[in-house]
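Descriptive analysis of the structure
This is what each chain is made of:
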Amino acid sequence: GESQESWVDTTPPGNPILGRLTFPGVPSADPLVITLDMLDANQNLVGEVPSYKGEWQGDLIEVYIETNGTKTWLTPGTRLPPGAVGTQPPAVLFPLADLEAAGDQTVHVLGYRVTDLAGNVSGLSQQVAARFVLNDVPVNVPAPVVPLFTDGGIVNEADARILTAEIPSFTPVRVDDEIVL
């Protein structure tokens, strides 16, 4: 009789490793700091999945938020549509409700996995640390005062070596707040 060639896909997507999510519009930091003004019009944090080995239409990308070692998988996930693959990074969504449920003012780990149409499941992606700052965000924080700058408006090299900045009080203030000059 006739023979027919067949192919069985047993390779997980992204083998050997999936890259980190990126978040357009979120400044680089470790951890990232996610605020309400970084969400899209539908109140989602939008992440982009870097290209990966074996990327193909129909792949299901599932994202998670990990807090204190516990992963919460967000559903329904993102399925790659038919057509050109790899022309632009697939977008994944982290809804505001899920960010708030994970915990405000806390550092979390964000990541994803990919399942192809054959049912092969990738390993977990490289992780991204992110602090959600969604509520009680200080607004109209006054500028710091540099006393040496007020004595003529010039800070020379000698002044800069002993520079002191005074941070005016503001509210709300949290124990883990970080001030960056």
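See the structure printed just above.
Quick caveat, the model's predicted, so the values are computed rather than measured. (Residues numbered from 1 in each chain as written. Predicted model: local features only at pLDDT ≥ 70, side-chain atom pairs only at ≥ 80, totals over all residues. Heavy atoms only, no water.)

Let's talk about the packing of aromatic side chains
Applied cut-off: In summary, the pairing rule links any two rings of Phe, Tyr or Trp, Trp by its six-membered ring, whose centres are within 6.5 Å, and it sorts them by plane angle into stacked for under 30 degrees, edge-to-face for over 60 and tilted for everything else. Only DSSP runs of H or I with at least four residues qualify as helices, and only runs of E with at least two residues qualify as strands; both kinds are numbered from the N terminus onward. For every residue, the accessible area obtained with a 1.4 Å probe (protein chains only) is divided by the maximum for its type, and the residue is called buried under 20%, exposed over 50%, and partly exposed between those limits.
Tallied over the full model, the rule gives two aromatic pairs. Where Phe23 meets Phe94, the ring centres are 6.0 Å apart and the plane angle is 55 degrees; that geometry is what we call tilted. Of this pair, Phe23 sits in the segment before strand S1 (32–35) while Phe94 sits in strand S6 (residues 91–95), and the two are 71 residues apart along the sequence. Just as Phe23 is buried, Phe94 falls in that class too.

Focus on unusual backbone geometry
The linkage connecting Asn15 with the following residue, Pro16, adopts the cis geometry, with an omega of 15 degrees. Following the sequence through the fold, Pro16 ends up in the segment before S1. Although it is not a glycine, Asn68 adopts a positive phi angle of roughly 50 degrees. Residue placement: Asn68 occurs in the loop between strand S3 (60–67) and strand S4 (70–73). Positive phi, close to 65 degrees, is recorded for Gln105, a residue that is not glycine. For Gln105, a relative accessible area of 14% puts it in the buried group.

Some remarks on the pattern of salt bridges
Definition in use: Salt bridge, as applied in this entry: a Lys or Arg side-chain nitrogen positioned within 4 Å of an Asp or Glu carboxyl oxygen.
For the structure on display, the rule yields three salt bridges. Residue Glu157 is joined to Arg161 by a salt bridge in which the shortest nitrogen-to-oxygen separation is 2.5 Å. We classify Glu157 as exposed; its relative accessible area is 54%. The exposure class assigned to Arg161 is exposed, which follows from its relative accessible area of 64%.

Topic: a nonpolar patch on the surface
Threshold: A patch consists of residues exposed above 30% relative accessible area that lack any salt bridge, with like charges linked at up to 9 Å and nonpolar side chains (Val, Leu, Ile, Met, Phe, Trp, Tyr) linked at up to 5 Å. Note that accessible areas follow from Shrake-Rupley with a 1.4 Å probe, and for residues the cover is restricted to the protein chains shown.
Taken together, Ile167, Ile179 and Leu181 make up a surface patch of nonpolar side chains, about 310 Å² in accessible area. With respect to the helices and strands, Leu181 occurs in the segment after helix H2 (157–160). For Leu181, a relative accessible area of 70% gives the class exposed.

A word on the nonpolar core
Rules: Here, the term nonpolar core denotes a set of buried Ala, Val, Leu, Ile, Met, Phe, Trp, Tyr and Cys residues that are joined through side-chain atoms within 4.5 Å. Contacts are assigned to residue pairs that have any heavy atoms within 4.5 Å of one another.
Formed by 26 residues in total, the largest nonpolar core has its most connected members in Leu21, Phe23, Leu45, Phe94 and Leu110. Sorting the residues of this core by element identifies S1, S3, S6, helix H1 (96–102), strand S7 (107–115) and strand S8 (128–133) as the ones contributing at least two each. Among all residues touching Phe23, those that are not within four sequence positions of it are Leu32, Leu45, Val46, Gly47, Phe94, Leu110 and Val128.

With respect to the side chain of Thr115
Topologically, Thr115 is positioned in strand S7. According to the relative accessible area criterion, Thr115 is buried, its value standing at 17%. Once residues lying within four places of it in the same chain are set aside, the contact partners of Thr115 are Pro13, Gly58, Asp59, Leu60, Glu62, Asn120 and Val121.

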